[in-house]
Amino acid sequence: MDQASPHALPFDRYRELLDREYRILADLVPATLDLPVPACPGWTGEDLARHTAIVFLHKAETIRTGERPSHGWPPVSIGSLPAPALLTHSFTSLTDQLDRHRPEDRAETFVPWDQTVGFWIRRLTHETAIHRVDLQDAAGGGATRLDPDLTLDGIDEVLTVMLVRSRPDRAASGSVVRLETGGHSWDVRLDPEQVRITRDATANGHPTVRTDPEGLLLWLWGRAAQPDPPSAAVPELRARLARAL
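Computed from a prediction, not measured in an experiment: that's the story for all the values here.

Visitor: Which residues make up empty space enclosed by the protein, and what values go with them?
Guide: Considering all chains together, one arrives at 2 cavities of 30 Å³ or more under this definition. Approximately 50 Å³ is the volume found for the largest cavity. For the lining of the largest cavity, the secondary-structure elements that each account for two or more residues are α4 (117-139) and α5 (148-162). Ranked by residue count, the leading element in the lining of the largest cavity is α4, at 3 residues. Its residues assigned to classes, the lining of the largest cavity comprises 6 nonpolar, 2 polar and 1 charged.

Here it is, written out as structure tokens:
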């Protein structure tokens, strides 16, 4: 777990929220199997359920062995399971491994600074929450509000874990966009070689986006309209993030 993040939650809290988000998502699956998912063009609810299930199963194996599976992945046999059954099986496999391990146990990840089980419970809780929102959107009902603590941590995670992994962009402007919400801020510098994030810096006159935490998180994930005020650097930030997700 990225303990350097001031917004990271305790392992047990992620575990609780993972269960909550999964239950909502799983309950939606049977009614959305054939429905298009607006946030994931070309996908139906079944595609989203299978994607989520395979992610769960992959991370369960990563946590079990400490290494990401490679050869023979994913198992051919999973294709024969109906999507709801596959999702149940995969989540059970994941939570079994989470409950057998401590957050500091080694598990390979895609960031060099955190190779722990704690990284994966944080990442998967956010993944599940976003896809739960996607399925609620597909079902046409109003989305359940995201947990406020998870929302703030999700903003930090998508910026400091996902965005900083974006590929170099020679056309980058070098601009700084300031994001403010929930009493916190992130200054995002769009340098050509690497995106740089500074938390809770003194306001400095850069273009600033201010909105509620949930609206900001969903916009960063491409699930909500661009917040005001408009600025050329704001869509540049979102485009660069989209390439990193």
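Visitor: Please give an account of the nonpolar core that cites residues and values.
Guide: Ranked by internal contacts, the top residues of the largest apolar core, which has 65 residues, are Leu159 and Leu220. Of all the elements, α4 adds the most residues to this core, at 10 residues. Ignoring any residue separated from it by four or fewer positions in sequence, one finds Leu159 in contact with Val164, Leu179, Trp186, Val188, Ile197 and Leu220.

Visitor: Now, about the pairing of strand β3 (residues 195-199): what can you tell me, with residues and values included?
Guide: As paired elements, strand β2 (residues 184-190) and β3 share 5 bridges and run antiparallel to each other. Across the sheet, residue Arg189 finds its bridge partner in β3, namely Arg196. Counted between consecutive antiparallel strands, the loop separating β2 from β3 contains 4 residues.

Visitor: Got a sec to walk through the pairing of strand β1 (residues 176-181)? Specific residues and values, please.
Guide: Counting buried positions over the 6 residues of β1 gives 6, a clear majority of the element. A two-sided burial pattern is seen for β1, the buried positions comprising Val176, Arg178 and Glu180 on one face and Val177, Leu179 and Thr181 on the other. Bridge count for β1 against β2 is 6 bridges, and the pairing is antiparallel. Bridge assignment links Val176 to a residue of β2, and that residue is Arg189. Hairpin connection, β1 to β2: the antiparallel pair is bridged by 2 residues, and Gly182 has positive phi, about 55°. Relative to strand β4 (residues 208-210), β1 runs parallel, the two sharing 3 bridges. Paired with Arg178 across the two strands is Thr208, which belongs to β4.

Visitor: I'd like to hear about unusual backbone geometry, residue by residue, with values.
Guide: Of note, the amide linkage connecting Trp73 to Pro74 takes the cis form, showing an omega dihedral of -5°. Its identity is not glycine, yet Asp200 carries a phi of approximately 50°, on the positive side. The residue Asp200 is located in the loop between β3 and β4 in this model.

Visitor: If you had to explain the layout of surface pockets to someone new, which residues and values would you point to?
Guide: Looking at the largest pocket, its volume works out to about 410 Å³. Lining the largest pocket are 18 residues, with His51, Arg123, Glu127, Trp221 and Leu245 sitting closest to its centre. At 6 residues, the largest contribution of residues to the lining of the largest pocket is made by α4. Grouping the constituent residues of the lining of the largest pocket by class yields 11 nonpolar, 2 polar and 5 charged.

Visitor: Just give me the short version of α5, but keep the residues and values in it.
Guide: The end-to-end C-alpha separation of α5 is 20 Å, in line with the 21 Å expected for 15 residues at 1.5 Å each. The buried fraction of α5 amounts to 13 of the 15 residues, a majority that puts the element mostly inside the structure. Its side-chain oxygen placed 3.0 Å from the backbone nitrogen of Asp149, Asp147 serves as the N-cap of α5.

Visitor: Which residues make up the environment of His126, and what values go with them?
Guide: Relative to the helices and strands, His126 resides in helix α4. As for His126 and Asp105, which are separated by 21 residues in sequence, their C-alpha atoms are 20 Å apart. Ignoring sequence-local partners within four residues, the contact set of His126 consists of Tyr14, Leu150, Asp153, Gly154 and Glu157.

Rules used throughout
Residues numbered from 1 in each chain as written. Predicted model: local features only at pLDDT ≥ 70, side-chain atom pairs only at ≥ 80, totals over all residues. Heavy atoms only, no water. 1 Å grid on protein atoms, 1.4 Å probe; cavity = no way out; pocket = protein on both sides within 12 Å on 5 of 7 lines; lining within 4 Å. Points joined across faces, edges and corners; volume = space filled by probe spheres on them. Helix = DSSP H or I, 4+ residues; strand = E, 2+ residues; numbered from the N terminus. Nonpolar A, V, L, I, M, F, W, Y, C, P; charged D, E, K, R; others polar. Core = buried A, V, L, I, M, F, W, Y, C linked by side-chain atoms within 4.5 Å. Buried < 20%, exposed > 50% of the residue type's maximum accessible area, 1.4 Å probe, protein only. Contact = heavy atoms within 4.5 Å. Pairing = 2+ DSSP bridges. Expected span 1.5 Å × (residues − 1). Polar contact = N/O pair within 3.5 Å; in protein donor to acceptor, adjacent residues only side chain to side chain.

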